[in-house]
Amino acid sequence: MTVADILLAMYSWWPFILIVGGSILAMRTMRQRTSSGATMIDLYEQQIAEARRTNAGLERIAAALELGISSAGSRANKGGETA
């Protein structure tokens, strides 16, 4: 291969290399990040974990309220009152 052949190959391949390189560069720069450096996927995972913790807490509160209502209802029935 001569220098002319190498230059001809580079000349014919430069649009393809430019498109591939530009798309890689665009993907790297367009990646959504927050000011803390976390990606949007990390933030979504954190939000899901927080929602699960909140749901578990709400379920505990609901169970405690149901237990309190049922025990209050049984105490009222023992006193002879009808509900």
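See the structure printed just above.
Here, residues in each chain are numbered from 1, in the same order as that chain's written sequence. Local features in a predicted model are, by the rule used here, given only for residues with pLDDT of at least 70; side-chain atom pairs are given and counted only at 80 or more, and totals for whole chains, interfaces and linings are based on all residues. Think of the side-chain values as coming from all heavy atoms in the structure, minus any hydrogens and water.

Enquirer: Got a minute to help me understand the overall build of the protein chain in this structure?
Expert: Helix numbering and strand numbering both begin at the N terminus, where a helix is a DSSP run of H or I of at least 4 residues and a strand a DSSP run of E of at least 2. Of regular secondary structure, the protein chain possesses 2 helices and 0 strands. When a residue's accessible area, from a 1.4 Å probe over protein chains only, is under 20% of the maximum for its type it is buried; when over 50% it is exposed; and in between it is partly exposed. Expressed as a percentage of the 83 residues in the protein chain, the buried residues total 4%. When the accessible surface of the protein chain is split by element, carbon and sulfur atoms take 67% of a total near 7600 Å². Surface accessibility in these figures is a Shrake-Rupley result with a 1.4 Å probe; residues are shielded only by whichever protein chains are displayed.

Enquirer: Honestly, the packing of aromatic side chains in this entry has me stumped. Any pointers?
Expert: Two aromatic rings are characterised by how far apart their centres lie and by the angle between their planes. Any two of the Phe, Tyr and Trp rings considered here, Trp counted by its six-membered ring, make a pair once their centres fall within 6.5 Å; the pair's planes then place it as stacked at under 30 degrees, edge-to-face at over 60, or tilted in between. All chains considered together, the criterion is met by 1 aromatic pair. Between Trp-13 and Phe-16, the ring centres sit 5.5 Å apart and the planes meet at 80°, which makes this aromatic pair edge-to-face. Linking Trp-13 with Phe-16, this pair stays in helix H1 (residues 3–30), spanning 3 residues, or about one helical turn. When its relative accessible area of 49% is taken as the criterion, Phe-16 is described as partly exposed.

Enquirer: Is there a simple way to explain the pattern of salt bridges in this structure?
Expert: A pair can form between side chains of opposite charge whenever their charged atoms are brought close. Salt bridges are defined by distance alone: a side-chain nitrogen of Lys or Arg within 4 Å of a carboxyl oxygen of Asp or Glu. Taken as a whole, this structure holds 1 salt bridge when the rule is applied. Measuring nitrogen to oxygen at the nearest pair gives 2.5 Å for the salt bridge that ties Arg-53 to Glu-50. Taken together, the residues Arg-53 and Glu-50, both in helix H2 (residues 40–78) and 3 residues apart, mark about one turn of the helix.

Enquirer: Looking at this structure, how should I read H1?
Expert: Because the α-helix completes a turn every 3.6 residues, residues three or four places apart line up on one side. An expected span of 1.5 Å times one less than the residue number is assigned to each helix. Relative to the 40 Å expected for 28 residues at 1.5 Å per residue, H1 spans 38 Å between its end C-alpha atoms, a close match to the ideal helical length. If you look at H1, its biggest bend is around 45°, right at Trp-13, and the proline Pro-15 turns up within four residues after that. Across the 28 residues of H1, 0 count as buried, placing the element largely on the outside. The angle between axes fitted to the seven residues ending at a residue and the seven residues starting there is what we call the bend at that residue.

Enquirer: Explain a nonpolar patch on the surface here, please?
Expert: A cluster of nonpolar side chains, contributed by Trp-13, Phe-16, Ile-17, Val-20, Ile-24 and Met-27, occupies part of the molecular surface with about 640 Å² of accessible area. By the secondary structure assignment, Val-20 is in helix H1. Residue classification places Val-20 among the partly exposed positions, given a relative accessible area of 34%. The residues that make up patches have over 30% relative accessible area and no salt bridge, and they are joined within 9 Å when like-charged or within 5 Å when they are Val, Leu, Ile, Met, Phe, Trp or Tyr.

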